[in-house]
Amino acid sequence: MATVAAASNFASTSSLVNYGVTSGAESKAKLGRMFKCTTAHEGLRPLNQVDELRVKIWQARSYKTFKSRYARSSGIIVCGSGMNLVFVGTEVGPWSKTGGLGDVLGGLPPAMAANGHRVMTVSPRYDQYKDAWDTDVIVELKVGDQKEKVRFYHCYKRGVDRVFVDHPLFLEKVWGKTKSKIYGPIAGDDYKDNQVRFSLLCQAALEAPRVLNLNSSKYFSGPYGEDVVFIANDWHTALIPCYLKTIYKPKGIYKSARVAFCIHNIAYQGRFGFTDFSLLNLPDEFKSSFEFVDGYEKPVKGRKINWMKAGILESDKVFTVSPYYAQELVSGVEKGVELDNILRKTGITGIVNGMDVQEWNPLTDKYVGVKYDASTVTDAKPLLKEALQAEVGLPVDRNIPVIGFIGRLEEQKGSDILVAAIPHFIKENVQIIVLGTGKKPMEKQLEQLETIYPDKARGVAKFNVPLAHMIIAGADFILVPSRFEPCGLIQLHAMRYGTVPIVASTGGLVDTVKEGFTGFQMGGFNVECDAVDPADVTAVATTVKRALTAYGTPAFTEIIKNVMAQELSWKEPAKKWEKELLSLGVDGSESGIEGEEIAPLAKENVATP
Ligand SMILES: Nc1ncnc2c1ncn2[C@@H]1O[C@H](COP(=O)(O)OP(=O)(O)O[C@H]2O[C@H](CO)[C@@H](O)[C@H](O)[C@H]2O)[C@@H](O)[C@H]1O
Ligand SMILES: OC[C@H]1O[C@H](O[C@H]2[C@H](O)[C@@H](O)[C@@H](O[C@H]3[C@H](O)[C@@H](O)[C@@H](O)O[C@@H]3CO)O[C@@H]2CO)[C@H](O)[C@@H](O)[C@@H]1O
């Protein structure tokens, strides 16, 4: 765990900064040293006029005043006072992604930056990302009974400081396999030391805003400081509010900082044996927030700790990724996965996800051969469909409606329900292409499709981004038969490409797909994951047949028009996030200005690492 003492030691190494360690009591000399620190790209630099001005203002201890004075006296346009936002997560696309968590940490932060906020993401350095540089800043943290040093790597893309935490627990385990080995050697089998790994991530994330002297843009420079909102994502980041309360706040550091905790999937909670509490280096008074008893024998029988439960209880506000999922989570033990009672107490706010309209843009998509928009979709689709059919080895025929599926192969996504439903609709004029990775038995089910239905179905058990784009563009329908779906991004991607969603009526699929207007609803499915419910199989088969009947009719053309006319980007969700995060009342927080000044920066392209 980082301590003030440990952090103070950093000052003895030229590359380490001591900003904030003696919060509120910095002398001019100290501040001067602070602004001379090594930055990611510049090396040591002397104080310039602007720094001198900043030092004076910081001495007056009003960062808010600083911002407006700085704007007036330097003649530089300051882009909204905004907030200092630090998103923390185990996946950040495109650098690391096994699914939708990576998409959100990739797409929401640039949207917040485009609104004039200063935005950082902190995630592990799983690979040697070619665009992220060593900041030469090292911090020492305590995990379990060991002291560990982590380094920070950094790059600045689309208006966001992307910070990567470097430690062998991440790089050595995952190197070269970021798409599949983030959480364990194979799906369903987690690394035994995940608690230590994610404790390290949480602690490093709490250090980053204080120790990294970032000068990435002309709008913001220096460390983020202490007036920040941490946005912790999923169970891996649940220790952030706990460490904030135990390590920093008692020392007067991060006095006004707040934590927003966002649930992307309540199915993964981070449940471990109760004795593992000692690994977390937290005082006993936190035990009750973690304590959890369930009826399962895994990973141990009976009394456990539950990271997500603590994240929910210790954070300042709890969020999830769609309003309907928020309702489902508090509806009862089944959909709230035994945390419904806790969430009813804390409350939970659902904000529907947006999608990355740069990566998923039919007009510019590098993975598809024909670029198109709503005015050319009718001409482009048949060509893209033929390319897709050829790619997977199905008979090439533009008159056959094609259904696609993309997803992690977990019970959540219902690929097993889909496989069971195929015999009930495959005799129709239809082809189906299924792409996914995950549990081995489910991967096997996919791979067998070609043998069983050689002219009709293909299953590809790979993590294949180009093929995902080809399916989204070339299929006529995208099928999302999820037992539960917090938000779902696949249906958003599909709609932007004029591909019509057929979805189970759950979570964000309810919020984003309107029956008969932007797609087809199948009704809610049984969330019991041990078996395939025959009623769900029937629902898939009958809705698919209903959708196939609509195919090629004027009503279908109308649906395509409707889906493509929607605003699905992060713009609207980012405004909602801004309103909610402002309400946390961190000192100096103000609305951003809808970014003409900073937006061009935020809109720069992300280079795929
Ligand atoms: N084999 C493969 N090859 C290439 N790409 C693949 C792939 N399998 C999946 N993907 C990609 O991974 C992403 C999956 O997005 P989802 O929203 O369905 O996510 P997921 O369930 O993982 O995330 C959770 O978090 C997100 C974000 O909050 C919620 O939307 C969601 O409901 C919740 O379950 C998509 O970008 C998809 O293209
Ligand atoms: O972006 C995709 C999802 O990534 C995260 O889910 C991972 C989860 O947090 C990990 O714990 C792990 O889940 C395994 C689980 O721990 C284990 O008990 C067993 O049930 O198998 C699970 C799958 O291997 O991996 C998940 C990714 O596969 C994130 O939390 C989700 O919100 C994202 O949807």
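Scroll up a little and you will see the structure.
Every value quoted in this text rests on a predicted model; they were computed, and no experiment measured them. (Residues numbered from 1 in each chain as written. Chains lettered and ligands numbered in written order. Predicted model: local features only at pLDDT ≥ 70, side-chain atom pairs only at ≥ 80, totals over all residues. Heavy atoms only, no water.)

Draft legend 1. Up close: the site of ligand 1. Residues in close proximity to ligand 1 total 29 residues, the closest being Asp103, His264, Arg408, Lys413 and Glu485. In the model, an oxygen atom of ligand 1 is placed 2.8 Å from a nitrogen or oxygen of the histidine 264 side chain. Interatomic distance of 2.9 Å between a backbone N/O atom of cysteine 487 and an oxygen atom of ligand 1. Expressed as a share of its isolated accessible area of 720 Å², the protein-covered part of ligand 1 is 97%. Of all the secondary structure elements, the ones that give two or more residues to the shell around ligand 1 are α5 (100–114), β13 (402–409), β14 (431–438), α16 (465–474) and α17 (490–496). The element contributing the most residues to the shell around ligand 1 is α5, with four residues. Among the residues forming the shell around ligand 1, the class breakdown is twelve nonpolar, eleven polar and six charged. (Near = heavy atom within 4 Å. Polar contact = N/O pair within 3.5 Å; in protein donor to acceptor, adjacent residues only side chain to side chain. Areas by Shrake-Rupley, 256 points an atom, 1.4 Å probe, with all protein chains shown as cover. Helix = DSSP H or I, 4+ residues; strand = E, 2+ residues; numbered from the N terminus. Nonpolar A, V, L, I, M, F, W, Y, C, P; charged D, E, K, R; others polar.)

Draft legend 2. Quick look at the sheet that holds strand β10 (residues 303–306). Pairing is antiparallel in the open sheet, where three strands are placed in the order β8-β10-β9. Two strands close off the open sheet at either side, each with one partner strand: β8 (271–273) and β9 (291–293). Averaged over all pairs of adjacent strands, the angle between their axes in this sheet comes to 50°, without regard to strand direction. Of the strand pairs in this sheet, β9 and β10 are connected by three bridges, and their pairing is antiparallel. (Pairing = 2+ DSSP bridges. Axes fitted to C-alpha atoms, helices over the stretch in contact; angles between N-to-C directions.)

Draft legend 3. Molecular detail of helix α13 (residues 377–392). Counted at 1.5 Å a residue, the expected span for α13 with its 16 residues is 22 Å, and the 22 Å between its end C-alpha atoms agrees. Taken residue by residue, α13 has Val377, Ala380, Lys381, Pro382, Leu384, Lys385, Leu388, Gln389 and Val392 as its buried positions. For α13, the secondary structure elements touched by its buried residues are β13, β14, β15 (457–460), α16 and α20 (554–564). One or two positions beyond α13, positive phi appears at glycine 393, with a value near 85°. (Expected span 1.5 Å × (residues − 1). Buried < 20%, exposed > 50% of the residue type's maximum accessible area, 1.4 Å probe, protein only. Contact = heavy atoms within 4.5 Å.)

Draft legend 4. Broad picture of helix α8 (residues 239–248). The buried fraction of α8 amounts to eight of the ten residues, a majority that puts the element mostly inside the structure. Every buried residue of α8 is accounted for by Leu239, Ile240, Pro241, Cys242, Tyr243, Leu244, Ile247 and Tyr248.

Draft legend 5. Looking closely at the sheet that holds strand β12 (residues 349–350). Pairing within the open sheet is mixed, and its nine strands lie in the order β3-β4-β5-β2-β1-β6-β7-β11-β12. With one partner strand each, in any of the chains shown, β3 (133–143) and β12 form the two edges of the open sheet. Sheet topology places β3 next to strand β4 (residues 146–157); eight bridges connect them, and they run antiparallel. If you follow leucine 141 over to β4, its bridge partner there is glutamate 148. Strands in contact with α5 are β1 (84–88), β2 (118–124), β5 (160–166) and β6 (228–233); relative to β5, the strand with the most contacts, it is inclined by about 140°.

Draft legend 6. A look at the packing of helix α7 (residues 194–211) against α8. The geometry of α7 relative to α8 is characterised by a closest axis approach of 9 Å and an angle of 60° between their N-to-C directions. Taken together, the axes of α7 and α8 are oblique relative to one another. Crossing of α7 against α8: the hand is right-handed. Here Ser199, Cys202, Gln203, Ala205, Leu206, Glu207 and Arg210 of α7 lie close against α8, whose contacting residues are Leu239, Ile240, Tyr243, Leu244 and Tyr248. Grouping the amino acids of the contact of α7 with α8 by side-chain chemistry returns eight nonpolar, two polar and two charged. (Parallel < 35°, antiparallel > 145°, perpendicular 65-115°, else oblique. Left-handed = near helix turned anticlockwise from the far one by under 90°.)

Draft legend 7. Focus on the pairing of β15. Alternating positions in β15 separate into two faces, Ala457 and Gly459 on one and Arg458 and Val460 on the other, with burial throughout. One ladder, built from four bridges, connects β14 with β15; its direction is parallel. Its bridge partner lying in β15, leucine 435 is registered against valine 460. Assessed by its sense of winding, the connection that carries the chain from β14 through helix α15 (residues 440–452) to β15 is right-handed. (Right-handed = clockwise from strand over helix to strand, strands pointing away.)

Draft legend 8. Seen up close, the packing of α8 against helix α10 (residues 307–314). Between α8 and α10, the least distance of the axes is 7 Å, while the angle of their chain directions is 55°. As summarised for this structure, α8 and α10 are arranged oblique, according to the angle between their axes. Only Trp307, Gly311 and Glu314 of α10 make contact with α8, whose side of the interface consists of Leu239, Pro241, Cys242 and Lys245. Taken together, the residues of the contact of α8 with α10 break down into four nonpolar, one polar and two charged.

Draft legend 9. Main features of the environment of glycine 354. Inspection of the secondary structure assignment puts glycine 354 in the loop between β12 and α13. With residues up to four places along the chain from it excluded, the contact list for glycine 354 reads Leu489, Leu492, Leu568, Ser569, Trp570 and Pro573.

Draft legend 10. Unusual backbone geometry, seen in detail. A cis geometry characterises the amide bond from glycine 93 onward to proline 94, with omega recorded as 5°. The topology assignment puts proline 94 in the loop between β1 and α5. Going from lysine 298 to proline 299, the amide bond is cis rather than trans, its omega being -10°. Position of proline 299 among the secondary structure elements: in the loop between β9 and β10. Phi at aspartate 136 takes a positive value of approximately 70°, unusual for a residue other than glycine. Position of aspartate 136 relative to the elements: it lies in strand β3. Looking at aspartate 136, the relative accessible area reads 34%, which means it is partly exposed.

Draft legend 11. Quick peek at the side chain of asparagine 306. Its place among the elements puts asparagine 306 in strand β10. A distance of 3.0 Å separates the side chain of asparagine 306 from the backbone nitrogen of lysine 309, its partner in a polar contact. Setting aside its immediate chain neighbours within four residues, asparagine 306 contacts Gln269, Gly270, Arg271, Ser289, Phe290, Phe292 and Leu339.

Draft legend 12. Structural detail: the packing of aromatic side chains. Counted under the stated rule, the structure contains 18 aromatic pairs. Seen from their ring centres, tyrosine 129 and phenylalanine 164 are 4.9 Å apart, and the 55° between their planes marks the pair as tilted. Linking tyrosine 129 in the loop between β2 and β3 with phenylalanine 164 in strand β5, this pair joins segments that are 35 residues apart in sequence. With relative accessibility at 1%, the residue phenylalanine 164 sits in the buried group. Between phenylalanine 477 and phenylalanine 556 the ring centres are 5.2 Å apart and the planes differ by 50°, which places this aromatic pair in the tilted class. (Phe/Tyr/Trp six-rings, centres within 6.5 Å; stacked < 30°, edge-to-face > 60°.)

Draft legend 13. How the structure looks around the site of ligand 2. Ligand 2 sits among 17 residues. The nearest are Glu91, Gly188, Asp190, Asp234 and His236. Within the side chain of histidine 236, a nitrogen or oxygen atom sits 2.8 Å from an oxygen atom of ligand 2. Residue arginine 408 places a side-chain N or O atom 3.3 Å away from an oxygen atom belonging to ligand 2. Protein contacts shield 81% of the accessible area of ligand 2, which totals 620 Å² for the unbound molecule. Counted by class, the shell around ligand 2 contains five nonpolar, seven polar and five charged residues.

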